[in-house]
Amino acid sequence: MLKRFFYQYPVSSLLIVLIWVACLLPVPETPLNHVKLFDKWVHFLMYGVLTATLWAEHVFRRHQEKGMRLFVLVFAAPLLMGGLVELAQANLTFGMRNGDWMDFCANSIGVCLGNIVGLAIRRLR
């Protein structure tokens, strides 16, 4: 099943891997660290782009998921991943990263906006 997902959603799969890697590596110091809520904007964009990409691949590759399967794919799974990433940051990075509920909120808002964009893509198609 996982192999089929990677084959059917290659760009989304790549984004998922990149998000996990980016979220578990130590954060380098950059001039943007001083921008207020910069980290939250990054989380918002990562999950918004991921969700919109899932929709785009679903629509343009004419996948057959409907109903509950589609809901899980484009809404529940990204939300779950956002929560798991935060738990992994809190427990698996040996203090280099920390889990943050506000990051999870930013992830969730990104997923919601990505679904709005995805539904617009679906409607226009």
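Throughout what follows, the structure given in this document is the object of discussion.

A word on unusual backbone geometry. One non-glycine residue with positive phi stands out, namely Leu37, at about 65°. The residue Leu37 is located in the loop between helix H2 (10-24) and helix H3 (38-60) in this model.

With 23 residues, H3 ought to run about 33 Å at 1.5 Å a step, and its terminal C-alpha atoms sit 32 Å apart, in line with that. A positive phi of about 55° marks Arg62, the residue just after H3.

Overall, the coordinates contain 5 aromatic pairs when judged by the stated rule. Consider the rings of Phe5 and Phe6, whose centres lie 6.2 Å apart with planes at 65°: the pair is edge-to-face. When its relative accessible area of 18% is taken as the criterion, Phe5 is described as buried. Between the aromatic rings of Trp101 and Phe104, the centroid separation amounts to 5.9 Å while the plane-to-plane angle is 90°, which identifies the pairing as edge-to-face. Here Phe104 and Trp101 lie together in helix H5 (residues 101-124), a separation of 3 residues that amounts to about one turn.

With respect to the helices, strands and loops of the structure, Leu79 is situated in helix H4 (residues 67-92). Judged by relative accessible area, which is 21%, Leu79 ranks as partly exposed. Along the sequence, Leu79 and Met1 sit 78 residues apart, while their C-alpha atoms lie 20 Å from each other. Leave out the neighbours within four places in its chain, and Leu79 touches Phe104, Ser108 and Val111.

Analysis parameters
- Residues numbered from 1 in each chain as written.
- Predicted model: local features only at pLDDT ≥ 70, side-chain atom pairs only at ≥ 80, totals over all residues.
- Heavy atoms only, no water.
- Helix = DSSP H or I, 4+ residues; strand = E, 2+ residues; numbered from the N terminus.
- Expected span 1.5 Å × (residues − 1).
- Phe/Tyr/Trp six-rings, centres within 6.5 Å; stacked < 30°, edge-to-face > 60°.
- Buried < 20%, exposed > 50% of the residue type's maximum accessible area, 1.4 Å probe, protein only.
- Contact = heavy atoms within 4.5 Å.

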